[in-house]
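# Coordinate analysis (summary)
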Amino acid sequence: MGTEVVVISTHWEIGAAYMRQSYLMSYLKARGYNVPCIGFITLPVRRNVHECINLPLRISTRNEVINAIVNTFILFPSLIVTLLLLRPRIIIVSLPDADPVMATYFASIIGNMKLIIDVRDPQEENMILLYNGFSRLMAKMYRNLMHIIYRKAHAVIVVTPSLLKHYTEKLRKKLYLAPNGADLKLFVKKKDDEDTIRKKLGLPLNAILITYTGVIGSSHYYNIISFVKTLREIKKELHKDIYLILAGPITDKYAYSIIRNSTDVIYLGVLNKRDIVDLLSASDIGLIPFSTEDKYKLIYSYAIPVKFYEYIATCLPVLALGSNSSELARLIDKYQVGYLCEPSSKTCIKDAILNIIKTKKKLIHNACENRRLVDRKVGAEVFLQLISRFF
């Protein structure tokens with residue numbers, strides 16, 4: 001069987017991008033499609049853990065604009081040649097990062113392939129907000145180039161209604177919504193006694209556990225550090241035994257030092273999927289900690305983190321820190337599964353924790369009732385319908 005669909009991404013590590021792409025590939029393979037993937041080796045060298053065709057080489061610097069522009073041209077020859085050798089009928093490019101977009105576009109023209117662009121984050125818009133001066137000018141030029149290619153693609157898919165509105169206004173073309181979600185076969189609340197799971201993971205038995213799983217850092221839009229400091233103050237006021245449980249990679253030394261020196265934090269390292277499900281099943285609150293920095297406000301407005309879906313799938317009440325006008329705030333209110341506070345509002349966070357403790361049974365019931373609405377299969381079916389149309 002020849003290659004029918006190829007999935008291209010710069011993110012095949014653990015995380016939201018990997019979960020979306022690997023689920024989609026498994027879903028398509030189960031329906032008879034041959035679906036290889038293409039990833040990239042990044043300098044400093046970091047090999048993809050997924051079994052993809054790994055192409056050299058991408059650079060990684062502190063300036064995202066430099067990364068985007070340089071990598072676009074570095075990847076150009078090797079990616080075009082690889083795609084022309086594979087000759088897939090359909091190319092799916094998952095963004096960010098947008099580095100492979102230009103090469104895949106030219107390959108799709110030369111090889112008469114259909115190009116589907118899957119946008120999880122508006123990277124090109126974020127870069128404009130993150131930088132000033134010459135870097136911002138280059139980011140705007142890069143954004144304009146990417147938008148030209150998005151318009152010419154055979155289909156553009158986005159993950160949230162807010163992104164659908166954003167890109168429909170920018171691109172003036174029909175877009176498709178394929179929401180993220182959770183794998184409901186994997187993310188199921190364990191029936192084991194809560195104390196049994198806590199003993200297995202080495203967690204305190206009679207404490208309130210607030211859990212966060214994901215990237216842990218002080219300079220990321222999921223900035224956990226400000227919440228660590230807030231929790232310390234709240235514990236003194238509430239006189240309750242509360243711990244923050246963290247699982248995931250730590251990205252910087254400052255975050256590591258804060259976590260290591262905090263008696264309110266238990267760090268479990270990077271867990272496999274099964275252990276994450278165990279952890280969520282034994283927790284009282286699932287945390288989504290957005291940063292307080294203004295430069296991330298665009299992310300506040302459109303993002304529905306995969307963590308949200310995983311918390312709901314395991315019937316875990318949610319405490320989110322972000323904007324009250326965001327897509328996430330709308331969903332939390334719609335499903336009645338928790339509370340959202342502005343990241344800087346200690347009073348709101350304290351009241352939210354108390355309210356979740358008081359109404360925990362009701363919130364768990366609401367989350368369980370809405371599990372079917374966060375099924376990752378919904379988004380995969382959108383891809384399948386498009387692919388079937390192109391064959």
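Structure first, text after, so check above.
The notes below deal with the structure included here.

### Details of the overall build of the chain
Each helix and strand counted, the chain has 17 helices and 13 strands in total. For 391 residues, the compact-globule estimate of 2.2 N^0.38 gives 21 Å, and the chain sits close to it at 21 Å. Along the first, second and third principal axes, the C-alpha set of the chain runs to 65 × 50 × 40 Å. The burial tally for the chain puts 57% of its 391 residues in the buried class. In the chain, the share of contacts with a sequence separation of at least 24, taken over all contacts with a separation of at least 6, comes to 69%. In the structure as shown, the chain presents an accessible area of about 17100 Å², 54% of it carried by carbon and sulfur atoms. Separation between the mean location of the 53 positive side-chain charges and that of the 34 negative ones in the chain comes to 4 Å.

### Some points on the environment of Ser-218
Position of Ser-218 relative to the elements: it lies in the loop between strand S8 (208–213) and helix H9 (225–238). As a C-alpha pair, Ser-218 and Ile-53 span 165 residues in sequence and 33 Å in three-dimensional space. For Ser-218, the residues in contact, after removing those within four places along its chain, are Asn-223, Ile-225, Asp-252, Tyr-254 and Ala-255.

### Some thoughts on the pattern of salt bridges
Evaluation of the coordinates by the stated rule reveals 16 salt bridges. Salt-bridge contacts for Lys-190 lead to Asp-278; the nearest nitrogen and oxygen are separated by 2.5 Å. Remark: Asp-278 occurs in helix H11 (residues 273–281) and Lys-190 occurs in the loop between strand S7 (176–177) and helix H8 (194–201); sequence separation between them is 88 residues. Residue classification places Lys-190 among the partly exposed positions, given a relative accessible area of 31%. A salt bridge links Arg-198 to Glu-194, with the shortest nitrogen-to-oxygen separation between them at 3.3 Å. One end of the pair, Arg-198, and the other, Glu-194, are both in helix H8, four residues apart, so they sit about a helical turn from each other. For Arg-198, a relative accessible area of 1% translates into the label buried. Here Glu-194 falls in the partly exposed class, since its relative accessible area comes to 27%. One connected set of salt bridges, linked through shared partners, spans Lys-190, Lys-200, Asp-275 and Asp-278.

### Some details on the packing of helix H3 (residues 76–86) against helix H4 (residues 101–110)
Running from amino to carboxyl end, H3 crosses H4 at an angle of 35°, the nearest separation of the two axes being 9 Å. Note on packing geometry: the crossing formed by H3 with H4 is right-handed. Residues Phe-76, Leu-79, Ile-80, Leu-83 and Leu-84 of H3 lie in contact with H4, whose contacting residues are Met-102, Ala-103, Thr-104, Phe-106, Ala-107 and Ile-110. The class makeup of the residues in the contact of H3 with H4 is 10 nonpolar, one polar and no charged.

### Here we look at the sheet that holds strand S13 (residues 338–341)
Pairing is parallel across the open sheet formed by six strands, whose spatial order is S10-S9-S8-S11-S12-S13. Each having just a single partner strand, strand S10 (265–267) and S13 make up the two edges of the open sheet. Taken pair by pair, the neighbouring strands of this sheet meet at an average axis angle of 25°, ignoring direction. Across four bridges, strand S12 (residues 318–321) lies against S13 in parallel orientation.

### Re helix H7 (residues 161–171)
For H7, every residue scored as buried is listed here: Leu-163, His-166, Tyr-167 and Leu-171. Down the axis of H7, the smallest arc covering the buried residues is 105°, so these residues share one side.

### A look at the state of the cysteines
Considering all chains together, one arrives at three disulfides under this definition. Sulfur-sulfur distance for the disulfide between Cys-37 and Cys-52 comes to 2.1 Å. Measuring handedness by torsion sign, the sulfur bridge of Cys-37 and Cys-52 sits at about -100° and is left-handed. Here the residue Cys-37 occupies a position in strand S2 (residues 37–43), and Cys-52 occupies one in the loop between S2 and strand S3 (53–59), the gap between them amounting to 15 residues. Relative accessible area serves as the criterion here: at 2%, Cys-37 is assigned to the buried category.

### Considerations on the packing of H8 against H11
Between H8 and H11, the least distance of the axes is 9 Å, while the angle of their chain directions is 130°. It follows from the interaxial angle that H8 and H11 lie oblique. Like other packed secondary-structure pairs, H8 and H11 cross with a definite hand, here left-handed. Residue-level contacts link Glu-194, Ile-197, Lys-200 and Leu-201 of H8 to Asp-275, Asp-278, Leu-279 and Ser-281 of H11.

### Points about the nonpolar core
Side chains of a nonpolar character, in soluble globular proteins, are inclined to be buried together. One finds Tyr-150, Leu-244 and Phe-308 to be the most contacted residues of the largest nonpolar core, which totals 138 residues. In terms of residues, this core owes the most to one element, helix H1 (residues 16–29), which gives seven residues. Sequence-distant contacts of Phe-308, defined by excluding residues within four places in its chain, comprise Ile-288, Val-318, Leu-328, Leu-331, Ile-332, Tyr-335 and Val-337.

### Some thoughts on the environment of Phe-290
Tracing the chain through its elements places Phe-290 in the loop between strand S11 (285–289) and helix H12 (297–302). Along the backbone, Phe-290 and Leu-331 are 41 residues apart, and their C-alpha atoms lie at a distance of 16 Å.

### Observations concerning the side chain of Thr-72
Structurally, Thr-72 can be placed in helix H2 (residues 64–74). In this structure the side chain of Thr-72 is engaged in a polar contact, spanning 2.6 Å, whose partner is the backbone oxygen of Ala-68. When near neighbours in sequence (up to four residues on either side) are disregarded, Thr-72 contacts Asp-99, Met-102 and Tyr-142.

What counts and how
- Residues numbered from 1 in each chain as written.
- Predicted model: local features only at pLDDT ≥ 70, side-chain atom pairs only at ≥ 80, totals over all residues.
- Heavy atoms only, no water.
- Helix = DSSP H or I, 4+ residues; strand = E, 2+ residues; numbered from the N terminus.
- Rg over C-alpha atoms; globule rule 2.2 N^0.38 Å.
- Buried < 20%, exposed > 50% of the residue type's maximum accessible area, 1.4 Å probe, protein only.
- Contact = heavy atoms within 4.5 Å.
- Areas by Shrake-Rupley, 256 points an atom, 1.4 Å probe, with all protein chains shown as cover.
- Lys, Arg positive; Asp, Glu negative; His and termini not counted.
- Charge placed at Lys NZ, Arg CZ, Asp CG, Glu CD.
- Salt bridge = Lys/Arg side-chain N within 4 Å of Asp/Glu carboxyl O.
- Axes fitted to C-alpha atoms, helices over the stretch in contact; angles between N-to-C directions.
- Left-handed = near helix turned anticlockwise from the far one by under 90°.
- Nonpolar A, V, L, I, M, F, W, Y, C, P; charged D, E, K, R; others polar.
- Pairing = 2+ DSSP bridges.
- Arc of directions from axis to C-beta.
- Disulfide = S-S within 2.5 Å.
- Parallel < 35°, antiparallel > 145°, perpendicular 65-115°, else oblique.
- Core = buried A, V, L, I, M, F, W, Y, C linked by side-chain atoms within 4.5 Å.
- Polar contact = N/O pair within 3.5 Å; in protein donor to acceptor, adjacent residues only side chain to side chain.

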